[in-house]
Protein chains: 2
Amino acid sequence: MDRAFERTKILTNHLLLQSSDPPSSLSSNACLNYSAPEDSENYAFDVKEMRNLIDGHHVEERDWLFGLMMGSELFNPKVRGGKVFVSADYRQSMEQQREKTIKRIEYLQGKGVFEGWLTEKEEEMVLKICASLEVLSIFDHSIMVKVGVHFYLWGGAIKYLGTKHHHDKWLRATENFTVKGCFAMTELGHGSNVRGIETVTTYDSNTGEFVINTPCESAQKYWIGGAANHSTHAVVFSQLHINGTDQGVHAFVVQIRDADGNICPNVRIADCGHKIGLNGVDNGRIWFDNVRVPRENLLNAVANVSPDGQYISPIKNPDQRFAASMAPLTGGRLNVSVNAVYQSKVGLAIAIRYALTRRAFSLNRNEPEVLLLDYPSHQRRLFPLVAKTYAMSFAANYLKMLYRSRTPELIKTMHVVSSSFKATFSWNNMQILQVCREACGGQGLKTENRVGHLKGEFDVQSTFEGDNTILMQQVSKALFAEYIAVRKRNKGFKALGLGHMNKPRPVIPSELTSTTLRCSEFQMDALCLRERDLLNRFVADVSECRAKGASSEQAFIMCYQLGEDLSRSFSERAIFQTFLEAEATLSAGSLKDVLGTLRSLYALTCTEEGSYLRYGYLSVDNGGSVRREITKLCSELRPHALSLVTSFGIPDAFLSPLAFDWIDANSWSSVEA
Amino acid sequence: MDRAFERTKILTNHLLLQSSDPPSSLSSNACLNYSAPEDSENYAFDVKEMRNLIDGHHVEERDWLFGLMMGSELFNPKVRGGKVFVSADYRQSMEQQREKTIKRIEYLQGKGVFEGWLTEKEEEMVLKICASLEVLSIFDHSIMVKVGVHFYLWGGAIKYLGTKHHHDKWLRATENFTVKGCFAMTELGHGSNVRGIETVTTYDSNTGEFVINTPCESAQKYWIGGAANHSTHAVVFSQLHINGTDQGVHAFVVQIRDADGNICPNVRIADCGHKIGLNGVDNGRIWFDNVRVPRENLLNAVANVSPDGQYISPIKNPDQRFAASMAPLTGGRLNVSVNAVYQSKVGLAIAIRYALTRRAFSLNRNEPEVLLLDYPSHQRRLFPLVAKTYAMSFAANYLKMLYRSRTPELIKTMHVVSSSFKATFSWNNMQILQVCREACGGQGLKTENRVGHLKGEFDVQSTFEGDNTILMQQVSKALFAEYIAVRKRNKGFKALGLGHMNKPRPVIPSELTSTTLRCSEFQMDALCLRERDLLNRFVADVSECRAKGASSEQAFIMCYQLGEDLSRSFSERAIFQTFLEAEATLSAGSLKDVLGTLRSLYALTCTEEGSYLRYGYLSVDNGGSVRREITKLCSELRPHALSLVTSFGIPDAFLSPLAFDWIDANSWSSVEA
């Protein structure tokens with residue numbers, strides 16, 4: 001209480017001294033002036049250095065691409081409050097947005113942005129591609145998704161499910177867009193349950209062709225990005241029926257449009273229609289009426305059919321075969337994860353800059369009104385989200401490195417980590433954008449201010465490229481399987497960062513001091529304690545159900561709550577680990593200090609939001625100490641607010657008028673005729 | 001564990017028996033069929049009776065108004081999957097949406113929908129007006145807001161801030177739309193802090209006119225619904241300067257457009273531009289260049305200026321005067337609150353009907369896939385929200401009755417309850433719509449399916465008509481004031497439902513059985529315990545800060561976290577009370593039984609989501625019992641799912657294709673040429 005009181009005395013004095021504005025008290029009719037946060041706030045650390053750390057790679061290439069967009073009328077530059085802002089024009093019709101998106105991509109291609117994306121050595125390209133997509137997504141989700149589908153999903157399928165013949169035929173053509181690809185996996189009747197899709201392919205040995213058919217309405221391909229207007233080719237996922245046996249889901253290349261854009265014979269295409277966001281992407285639906293494609297169009301890396309119609313696969317186990325054919329999705333999930341982080345950065349940069357220039361209510365008459373960000377409640381709303389976003393940045397960089405160096409041994413780890421990060425980041429992003437929009441008040445609803453609009457644009461992330469709920473179930477199932485496997489070979493935990501399970505169970509001190517709460521060892525202990533305990537409980541409960549005769553699926557369905565808590569605790573521990581590793585690369589100094597504060601805020605936010613009280617990992621008193629420490633950390637971050645969002649490295653033109661002189665931007669002189 | 005296991009065995013058998021669909025196993029290429037929930041689910045209670053209970057009043061008038069809309073091409077009827085759906089066409093431009101909205105209002109006026117809204121006896125009209133706005137909002141938020149601003153804000157200001165002269169001149173004219181009103185309170189620089197607005201009005205005794213001026217850009221009126229295109233008149237809130245003293249905020253009637261729609265001299269108007277929702281409402285900005293209006297245009301119920309320029313007010317205390325002049329906002333908050341509830345009903349009706357027809361994954365090969373709603377996790381996602389929505393329905397009806405019978409003594413109660421319900425309902429609604437959209441998967445993003453689109457349309461509710469955060473702060477401050485007042489006169493608590501504070505502190509049993517958890521006395525005890533304890537803590541902490549020299553504002557700012565928990569606990573206890581009262585009106589039977597289950601689910605959801613563990617009101621073990629009971633209640637509600645959403649009484653045409661035969665709606669034959 002005393003500490004809290006001291007802090008507010010400081011806050012209040014700070015307010016009284018700081019402001020250079022005339023008091024806007026009832027009795028005065030002096031006017032509000034906008035003063036840029038840069039004029040009142042100072043930078044306690046090197047924001048360039050911080051940006052290099054959180055962007056992690058290709059900072060110059062990012063700025064080059066930002067520059068390309070700012071340099072072209074195609075990106076719709078508009079002047080507001082004396083500054084130029086680029087943005088997709090969301091007042092245009094769906095059709096206009098789609099055409100504009102294609103034109104932008106053609107322009108970027110002309111500038112060589114996509115060179116080598118599929119044909120150069122992967123290790124060298126992975127991070128560059130990520131950086132480019134991150135920058136594109138900061139401009140607009142639609143352009144990023146169009147490019148992502150073309151390269152990651154279509155291109156990735158050719159690359160990872162196809163063999164040399166397919167690579168030679170389509171990779172270069174994809175890179176220079178002579179072929180425009182889409183990824184036809186999802187159907188009206190089956191999304192998450194890919195193995196249940198109803199499209200059927202048979203083989204005709206007389207002609208050496210596969211015959212692809214949509215047997216019913218529920219089998220129509222659905223949500224296929226690019227199908228409605230632009231794509232010439234599709235990777236079509238289908239059941240493969242050979243001599244009366246269903247060999248399961250396989251991928252085939254089917255041309256759906258000719259070079260002039262005419263839909264091919266025996267292919268029917270319809271539009272998915274208007275969406276709450278992402279209208280620059282032409283999602284479509286496809287029906288195949290016994291379409292015939294040459295035998296070579298089976299992407300045959302995992303299985304093949306001989307000219308005489310024999311099914312051959314090196315992978316005997318159909319489950320493994322199916323898993324292998326889902327490989328292209330990993331890249332898509334990586335892409336979703338990292339882009340979610342950058343959207344949170346856009347939202348927070350806008351909300352915090354606004355809170356540094358918007359005042360509301362004065363503490364006493366004839367005093368200046370208080371800056372929104374000087375209210376402890378407003379700090380409490382935003383700073384934990386800033387900490388989360390920094391944590392996600394480090395985790396995203398880790399995920400990219402993991403993807404770049406993925407080996408057969410790392411496939412499982414990559415699947416589990418990318419699934420849990422994709423779900424966690426996209427859910428965090430929606431929460432962050434919602435809080436930011438409300439923190440901006442009504443201005444958060446103006447489309448040109450971006451923060452509210454991004455919610456509709458990115459909402460899709462929680463259900464596409466794998467439904468978050470299903471992905472998190474897969475994470476808990478994978479942890480269960482790992483646990484069982486380790487116990488079987490009884491050699492101790494190693495994979496999935498579970499090594500801590502071999503150590504003795506961490507003990508939380510009965511009384512948590514500020515020093516302990518800020519200590520990274522304690523923070524890691526707390527996160528590991530929750531993960532290990534939930535994993536033990538989950539295994540116990542699932543096993544008990546099975547012992548009682550439930551199938552493994554039934555058992556998982558019954559224990560879903562523990563499963564949800566477990567997969568969340570896995571994510572947060574894994575994310576925290578990447579934060580520690582990033583921090584460790586720094587030498588002592590102001591940068592490391594502020595990162596330490598953010599790291600503590602992230603860890604304590606996890607322990608407060610998470611299930612610590614529910615499972616009794618924290619006593620009520622310790623829970624109180626955590627809460628008080630969070631408030632304290634927030635007030636310590638207040639002086640760094642501007643630097644923390646400046647470090648996101650987003651050019652002014654990609655934020656919005658609300659982040660700068662919003663009074664001028666709204667002045668009569670700025671009204672468009 | 002055993003209980004859980006039993007339940008899942010039942011669930012599984014249920015699945016195997018129930019389904020009449022052919023198995024869509026890997027080896028089969030039989031197709032998914034849509035089977036209407038009505039064919040498999042049965043009604044265990046009378047849904048008509050339930051609807052009467054939750055709609056509460058004017059059920060026939062509601063259906064009449066639904067019918068009017070379904071009967072006109074203006075409401076954009078479209079056939080999907082063999083059914084007709086009406087909806088605003090969100091693919092139209094902002095300008096088209098605005099014009100369409102006006103045309104719809106004119107049509108409804110022609111049908112006599114608005115007759116007597118301002119001129120008939122209020123007691124008789126209040127509920128009818130609410131019912132009409134609820135029905136309009138189910139069609140589209142824009143039409144409801146346009147009507148709401150015109151009648152509640154403009155009309156309400158004339159009625160409650162004006163006197164006979166104003167009533168005679170403007171009420172009838174408003175009712176027949178010869179005058180189109182708007183409500184010019186908010187400014188670019190001041191929203192929540194109304195007392196800080198910068199518009200200045202002086203009095204010229206030579207001409208007997210008020211002179212209204214916008215001294216600076218931050219003083220421009222902002223977000224004024226109706227100002228951009230349609231309004232002819234505005235109630236303008238402004239500082240009133242009389243002989244050099246600022247008498248505070250007062251309301252004046254200013255004509256801003258002539259009958260032909262030309263903007264009046266010395267008035268400048270600009271558009272607020274495109275928003276993430278509500279684009280059928282023409283929000284505008286207004287500048288006044290020393291506009292002159294006759295002395296009579298001061299709405300003088302609370303204060304007046306004599307012809308010779310003397311300021312006269314029966315209310316000496318400027319704070320009370322200000323409070324009195326905010327009266328029209330109460331109706332607006334009532335309106336926001338009740339409409340939020342109906343949006344949750346739309347979202348849940350769609351998500352639950354879809355979950356009763358959409359299958360995903362089978363438990364074992366060659367078994368039918370499982371209906372989404374048969375997954376305990378899916379039930380856990382949706383049913384607590386159904387219970388919340390029922391609770392909000394009863395609370396909304398209570399709030400309407402309170403509004404209708406509001407007396408000077410009840411003004412404070414009305415302000416506190418309407419503020420807390422407005423904030424709670426609108427936040428709940430956004431949470432409910434988000435969960436529903438994700439529960440519908442990608443289909444939740446299709447604009448025509450409504451559920452996702454409603455998020456953008458109703459997001460505004462959390463910050464307009466009073467920012468939720470600020471409103472909740474006012475609730476905790478009011479509870480603080482009440483506590484101090486009661487202690488002073490030491491006569492015991494009575495107002496604001498705090499009577500329970502006079503009783504001994506409730507005790508939570510150390511072991512909570514299922515019977516206890518479902519007992520309404522226990523549930524009320526638990527909610528009262530939290531409220532009383534948080535109120536005591538809040539008062540103690542605030543007082544301690546003040547004892548240390550903090551101003552009362554500083555003290556409240558410092559104790560904001562307790563304040564937030566307190567105002568939430570007040571809302572939930574108050575809502576629960578209305579649930580109990582509604583339940584008490586029923587005689588024993590299936591209807592009362594299912595309501596009892598919903599009531600228990602609502603109460604236990606509050607205790608689980610709320611701060612019970614944080615403050616130690618529940619032990620970890622008891623928390624576990626609460627969680628298990630919630631799962632059990634959800635599975636008990638599963639058979640009633642369809643009846644519970646059918647009881648919302650929303651005509652099929654106002655739901656969306658996803659709630660009915662979504663396979664047919666997506667079939668090739670339904671593709672629009």
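Residues numbered from 1 in each chain as written. Chains lettered and ligands numbered in written order. Predicted model: local features only at pLDDT ≥ 70, side-chain atom pairs only at ≥ 80, totals over all residues. Heavy atoms only, no water.

Enquirer: Give me the lowdown on the pairing of strand β4 (residues 200-204) of chain A, citing residues and values where you can.
Expert: Residues and elements named next belong to chain A. Within β4, four of the five residues are buried, which leaves the element mostly enclosed by the surrounding structure. Both β4 and strand β5 (residues 209-213) contribute to a ladder of five bridges, which runs antiparallel. Along β5, the bridge assignment pairs Val200 with Asn213. The turn joining β4 and β5, which pair antiparallel and follow one another in sequence, is formed by four residues; a positive phi near 65° is taken by Gly208. The pairing of β4 with strand β7 (residues 233-242) spans three bridges and is classified as parallel. Residue pairing in the sheet places Thr202 in a bridge with His241 of β7. (Buried < 20%, exposed > 50% of the residue type's maximum accessible area, 1.4 Å probe, protein only. Helix = DSSP H or I, 4+ residues; strand = E, 2+ residues; numbered from the N terminus. Pairing = 2+ DSSP bridges.)

Enquirer: Provide a residue-level description of unusual backbone geometry, including the pertinent values.
Expert: Even without a glycine there, the phi angle at Trp223(A) is positive, about 65°. Even without glycine at this site, His58(B) takes up a positive phi of about 50°. Here His58(B) is to be found in the loop between α3 (47-55) and α4 (59-70). The class for His58(B) is partly exposed, based on a relative accessible area of 23%.

Enquirer: Which residues make up the UniProt feature "domain: Acyl-CoA oxidase C-alpha1" (unreviewed entry) in chain A, and what are the values?
Expert: Annotation from UniProt places "domain: Acyl-CoA oxidase C-alpha1" (unreviewed entry) at residues 329-479 of chain A. A helix fraction of 68% and a strand fraction of 0% characterise residues 329-479 of chain A, whose end C-alpha atoms lie 20 Å from each other. (UniProt positions renumbered as here; feature names shortened; annotations may be inferred.)

Enquirer: How would you explain the relation of the copies chain A and chain B if you had to name every residue and give the values?
Expert: Mapping chain A onto chain B leaves a residual RMSD of 0.0 Å; the transformation is a rotation of 180° accompanied by 0.0 Å of translation along its axis. Viewed as a symmetry operation, the transformation between the two copies matches a two-fold axis. Relative to the rotation axis, the C-alpha of Leu613(A) is the closest in chain A, positioned 3.2 Å from it. Most of the interface of chain A is mirrored in chain B, where 100% of its interface residues are also at the interface. (Least-squares fit on C-alpha atoms with pLDDT ≥ 70 in both. Contact = heavy atoms within 4.5 Å.)

Enquirer: Give me the confidence of the model for chain A: which residues, what numbers.
Expert: Residues and elements named next belong to chain A. For chain A, the average pLDDT comes to 94, and 95% of its residues sit at 70 or higher. This model gives residues 7-29 a pLDDT under 50, and the stretch forms 42 contacts once residues within four places in sequence are excluded. The complex prediction reports pTM at 0.95, with the ipTM value standing at 0.95. (pLDDT = per-residue confidence, 0-100.)

Enquirer: Hey, could you go over the interface of chain A and chain B for me, with residue numbers and the actual values?
Expert: Contacts between chain A and chain B engage 108 residues on the former and 108 residues on the latter. A buried area of about 9200 Å², summed over both sides, lies between chain A and chain B, and 59% of it is on carbon and sulfur atoms. Linking chain A with chain B are eight salt bridges, by the criterion used here. Where chain A touches chain B, the interface holds 47 residue pairs in polar contact (both at pLDDT 80 or more). Residues that form the side of chain A that touches chain B fall into these classes: 41 nonpolar, 36 polar and 31 charged. (Buried area = accessible area lost by both parts, 1.4 Å probe. Salt bridge = Lys/Arg side-chain N within 4 Å of Asp/Glu carboxyl O. Polar contact = N/O pair within 3.5 Å; in protein donor to acceptor, adjacent residues only side chain to side chain. Nonpolar A, V, L, I, M, F, W, Y, C, P; charged D, E, K, R; others polar.)

Enquirer: Tell me what's going on with helix α16 (residues 520-547) of chain A, and back it up with residues and numbers.
Expert: A rise of 1.5 Å per residue sets the reference length of α16(A), with its 28 residues, at 40 Å; its end C-alpha atoms lie 40 Å apart and thus fit the reference within 8%. Gly549(A), located one to two residues past α16(A), shows a positive phi value of around 105°. (Expected span 1.5 Å × (residues − 1).)

Enquirer: Provide a residue-level description of the packing of helix α11 (residues 376-404) of chain A against helix α18 (residues 560-584) of chain B, including the pertinent values.
Expert: Where α11(A) meets α18(B), the axes come as close as 9 Å, and the angle between the chain directions of the two elements is 80°. Between α11(A) and α18(B), the angle falls in the class roughly perpendicular. For the pair α11(A) and α18(B), the contacting residues are Pro376(A), Ser377(A) and Arg380(A) in the first and Tyr560(B), Gln561(B) and Glu564(B) in the second. (Axes fitted to C-alpha atoms, helices over the stretch in contact; angles between N-to-C directions. Parallel < 35°, antiparallel > 145°, perpendicular 65-115°, else oblique.)

Enquirer: Please set out the sheet that holds strand β10 (residues 283-288) of chain B residue by residue, giving values where relevant.
Expert: By definition, the strands of a sheet pair up through backbone hydrogen bonds, in either a parallel or an antiparallel sense. All names here are of chain B. Read from one edge of the open sheet, three strands run β6-β10-β9, paired in antiparallel fashion. Edge strands, defined here as strands with exactly one partner in the open sheet, are β6 (221-225) and β9 (267-271). With direction set aside, neighbouring strand axes in the sheet form an average angle of 35°. Sheet topology note: the β6/β10 ladder contains three bridges and is antiparallel. Across the sheet, the residue bridging to Lys221 is Ile286, located in β10.

Enquirer: How would you summarise the pattern of salt bridges if you had to cite specific residues and measurements?
Expert: With the rule as written, the count across this model stands at 88 salt bridges over all chains. Between Arg530(A) and Glu572(A) there is a salt bridge, with the nearest N and O atoms lying 2.6 Å from each other. Pair noted here: Arg530(A) is in helix α16 and Glu572(A) is in helix α18 (residues 560-584), with a separation of 42 residues, a long-range link. With respect to class, Arg530(A) is no different from Glu572(A); both count as buried. Residue Glu448(B) pairs with Arg80(B) through a salt bridge whose shortest N-O separation is 2.5 Å. Remark: Arg80(B) occurs in strand β1 (residues 78-80) and Glu448(B) occurs in the loop between α12 (411-439) and α13 (453-458); sequence separation between them is 368 residues. You can call Arg80(B) buried: its relative accessible area is 15%.

Enquirer: Describe the sheet that holds strand β9 (residues 267-271) of chain A, and please don't skip the residues or the numbers.
Expert: Residue and element names in this part refer to chain A. Spatially, the three strands line up as an open sheet ordered β6-β10-β9, and their pairing is antiparallel. A single partner strand is all that each edge strand has here, and the edge strands are β6 (221-225) and β9. The mean inter-strand angle of the sheet, taken between neighbouring strand axes irrespective of direction, is 35°.

Enquirer: Describe the packing of aromatic side chains, with residues and values.
Expert: All names here are of chain A. Applying the stated criterion to the full structure yields 52 aromatic pairs over all chains. With a centroid separation of 4.9 Å and an interplanar angle of 65°, the aromatic rings of Phe66 and Phe654 are classed as edge-to-face. On the criterion of sequence distance, the pair formed by Phe66 in helix α4 (residues 59-70) and Phe654 in the loop between α21 (641-646) and α22 (662-665) is long-range, its members being 588 residues apart. For Phe66, a relative accessible area of 3% corresponds to the buried category. (Phe/Tyr/Trp six-rings, centres within 6.5 Å; stacked < 30°, edge-to-face > 60°.)

Enquirer: Describe in detail the UniProt feature "domain: Acyl-CoA oxidase/dehydrogenase middle" (unreviewed entry) in chain A, supporting the description with residues and values.
Expert: When the UniProt feature table is mapped onto this chain, "domain: Acyl-CoA oxidase/dehydrogenase middle" (unreviewed entry) is found at residues 182-291 of chain A. As annotated, residues 182-291 of chain A has a helix share of 0% and a strand share of 46%, and its two end C-alpha atoms lie 17 Å apart.

Enquirer: Can you lay out α4(A) for me, pointing to particular residues and giving the numbers?
Expert: All names here are of chain A. The end-to-end C-alpha distance of α4 is 17 Å, a good match for the 16 Å that twelve residues give at a rise of 1.5 Å each. Among the residues of α4, Val59, Arg62, Leu65, Phe66, Leu68 and Met69 are the ones counted as buried. Close packing links the buried residues of α4 with α3 (47-55), α5 (94-110), α6 (122-139), α10 (328-355) and α11.

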